[in-house]
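# Close look at the chain arrangement
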Amino acid sequence: QWQIPAGINMSYVLWGLLPSVLSLILGLSYLEKNTPYNWIRLIGALLLYGIATQITEQALFLFPPFILAFWWYKKFEKKNIYLMSFFALTAVSGYIHVILTPRVMIKINLLKEILDRILSFFKMSLPFGEINPVFAIVIFLGIVLIGLILLIKQPDKEVKFNRIFLYIFFFCWSICTIYIFIFMSKRFLPRYTYFSSFGVSALLFLSIEKILKIPVLRKFKLQIPVLATIILFSGISRYIVLKEKFTPINTTFSIIQQELNKMDFPENSQIVIMGINPVNGGWERSSGYLQFALKRPDITGLMGHVNNSGYYNFQNHFDSQKRGWDKESYTTGLSLEYPLFLFLLDYNNRKLNQMDYLLQWWEVKENAPWSIFRVDRISGEILPYRSGNGMTEYLSILEKLKLTGIYQSDILWGGPPTNRERKRLKGKPLPQR
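## Considering the overall build of the protein chain
- Within the protein chain, the regular secondary structure consists of 13 helices and eight strands.
- Taking 433 residues into account, the globule formula puts the C-alpha radius of gyration at 22 Å, and the protein chain, at 28 Å, lies well above it.
- Residue burial in the protein chain is summarised as follows: out of 433 residues, 44% are buried.
- Partitioning the intrachain contacts of the protein chain with sequence separation of at least 6 by distance along the chain shows that 65% fall at a separation of at least 24.
- A total accessible area of about 23800 Å² is found for the protein chain, and carbon and sulfur atoms account for 64% of it.

## Overview of the sheet that holds strand β2 (residues 300–304)
- Reading across the sheet, the four strands line up as β2-β1-β3-β4 and stay open at both edges, with mixed pairing between neighbours. Strands with a single pairing partner mark the edges of an open sheet, and in this sheet they are β2 and β4 (351–355). For this sheet, the mean inter-axis angle between neighbouring strands, taken without regard to orientation, is 25°.
- Pairing analysis gives five bridges linking strand β1 (residues 270–274) to strand β3 (residues 340–346), with the strands arranged parallel. Counted as the bridge partner of Val 272 is Leu 342 from β3.
- Strands β1, β2, β3 and β4 of the sheet are contacted by helix α10 (residues 223–260), whose axis makes an angle of about 55° with β4.

## Describing unusual backbone geometry
- Following Ile 4, the chain continues into Pro 5 via a peptide bond in cis, with omega recorded as 0°.
- Secondary-structure assignment places Pro 5 in the segment before α1 (12–32).
- The omega angle of the peptide bond from Gly 415 to Pro 416 is 5°, so this bond is cis rather than trans.
- Located in the positive-phi region is Lys 221, a residue other than glycine, with phi close to 50°.
- Lys 221 sits in the exposed class, given a relative accessible area of 67%.
- Within the chain, Lys 295 stands out as a residue other than glycine whose phi angle is a positive 60°.
- With respect to the helices and strands, Lys 295 occurs in the loop between α11 (283–294) and β2.

## Here's the deal with helix α6 (residues 133–152)
- Helix length check: α6, at 20 residues, gives a terminal C-alpha distance of 28 Å against a target of 28 Å (1.5 Å per residue), a fit within 8%.
- Tucked inside the fold, the buried residues of α6 contact α5 (111–125), α7 (157–183) and α8 (194–212).

## Digging into the packing of α8 against α10
- At a minimum axis distance of 10 Å, the contact between α8 and α10 shows a crossing angle of 150°. Two packed elements cross with a definite hand, and for α8 against α10 that hand is right-handed. When α8 is examined against α10, the residues Phe 205, Ile 208 and Leu 212 are found in contact with a partner set consisting of Gln 223, Val 226, Leu 227 and Ile 230.
- Here the residues of the contact of α8 with α10 are counted per class, giving six nonpolar, one polar and no charged.

## Points about the pairing of strand β5 (residues 357–361)
- For β5, the tally of buried residues reaches five of five residues, placing the bulk of the element in the interior.
- Of the strand pairs in this sheet, β5 and strand β6 (residues 369–375) are connected by five bridges, and their pairing is antiparallel. Residue Gln 360 lies in a different strand from β6, and its bridge partner there is Ser 371.

## A short note on a nonpolar patch on the surface
- On the surface, a cluster of nonpolar side chains totalling about 1000 Å² of accessible area is made up of Ile 8, Leu 14, Trp 15, Tyr 37, Trp 39, Ile 40, Ile 43, Leu 47, Ile 51 and Ile 55.
- Contributing elements (two or more residues each) for the nonpolar patch: α1 and α2 (39–55).
- No other element matches the six residues that α2 contributes to the nonpolar patch.
- Mapped onto the secondary structure, Leu 47 falls in helix α2.
- Residue classification places Leu 47 among the exposed positions, given a relative accessible area of 54%.

## Quick notes on the nonpolar core
- Grouped together as the largest cluster of nonpolar side chains are 54 residues, with contacts concentrated most on Phe 66, Phe 70, Phe 87, Leu 126 and Phe 140.
- Those elements that place two or more of their residues in this core are α1, α2, α3 (63–72), α4 (78–100), α5, α6, α7 and α8.
- A total of 10 residues in this core trace back to one element, the largest contributor, which is α8.
- Not counting chain neighbours up to four residues away, the residues in contact with Leu 126 comprise Ala 136, Phe 140, Val 200 and Leu 204.
- Within the second largest apolar cluster, 16 residues are counted, among which are Val 272, Phe 318, Leu 342 and Leu 358.

What counts and what doesn't
Residues numbered from 1 in each chain as written. Predicted model: local features only at pLDDT ≥ 70, side-chain atom pairs only at ≥ 80, totals over all residues. Heavy atoms only, no water. Helix = DSSP H or I, 4+ residues; strand = E, 2+ residues; numbered from the N terminus. Rg over C-alpha atoms; globule rule 2.2 N^0.38 Å. Buried < 20%, exposed > 50% of the residue type's maximum accessible area, 1.4 Å probe, protein only. Contact = heavy atoms within 4.5 Å. Areas by Shrake-Rupley, 256 points an atom, 1.4 Å probe, with all protein chains shown as cover. Pairing = 2+ DSSP bridges. Axes fitted to C-alpha atoms, helices over the stretch in contact; angles between N-to-C directions. Expected span 1.5 Å × (residues − 1). Left-handed = near helix turned anticlockwise from the far one by under 90°. Nonpolar A, V, L, I, M, F, W, Y, C, P; charged D, E, K, R; others polar. Patch = residues over 30% accessible without salt bridge, like charges linked within 9 Å, V, L, I, M, F, W, Y side chains within 5 Å. Salt bridge = Lys/Arg side-chain N within 4 Å of Asp/Glu carboxyl O. Core = buried A, V, L, I, M, F, W, Y, C linked by side-chain atoms within 4.5 Å.

Everything listed here is a matter of coordinates, which is why it stays silent on function.
Okay, here's the thing in structure tokens:
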């Protein structure tokens, strides 16, 4: 689960987990106490759960296990009914809000994708490192099954009942917080598994504890050594994954920072850096990245990788109305009024190669007017160089430019067009994500 806590925005599910668990604790405390001001615990539990659902919708899926805990805890009284009813009201209103105003549409996934997501979920949730996820599932189910069998043979009925409830509670926790992301979400990202993984881990360690308490193993006092070994193995494996994931990202940032700080950019300069992978573009994210790297709040620009999204070449890159998150907006948002500097990242040689030309395709059609601009490397001034109409004339100009030593690869966003870009220019819309 490399996204948590590595990314501030990606860690929103972590923020929602804290008030969720605190609401559960306060709710159980409300059921246990009979003090004059016990209603404060009830109000606190409801407020915290409401806050959690506003931070992340995933908190809504904790409603079933929470209700199960409130129903089970101690003697069932009117207090349980009050608590469960108020939680139900909060959860149902949240469900209705999500259904009526969805941020993304639900997608029913195919069986193969569902199976792939199940394997990914267990790989990201279990402390087994880079083991084959099929083996991880088999080991996990084997340990849990053995733990359950030993639990069923438990002679103390009260202990047995309480432990079986814990198994049911954590199973419910895991299933309720992951099913929609496995079966109905468009994407399946590591942060989506964060809530559910706690239930999986609890089931695993409850079972391991039970296994280590059988008479033949109890005398060796293995609980602490086994627990420490699993924690260390899991932690080391996590750092290995984090290193593999973030080394190229950190190296890229280091290259950009070192190379750009060698230059004296005019005020309000725009910097374009392409060939960065993996970086999703967009004017807002790119500008923030560049401002952080240069420690200059006046800098804006675009960053991204050479991609086949259908919105890279032959686009209006100076459209300030399109500064969003979709692929259509990844390489636009610049202004013709401010200094501009163009670069391509050469990761292997750890440098930025400055470019002098860019193509501006003014409309989404093959016969649209276009302009080739030349950008001064020192001042950033944007100068008209060539212009025309349509693809045929553009290709003709490219042939003439070859004679002067300027090739299509020297013109940023100048093509050649990908199949998806040809489709877009012919008036066929492409998906946003």
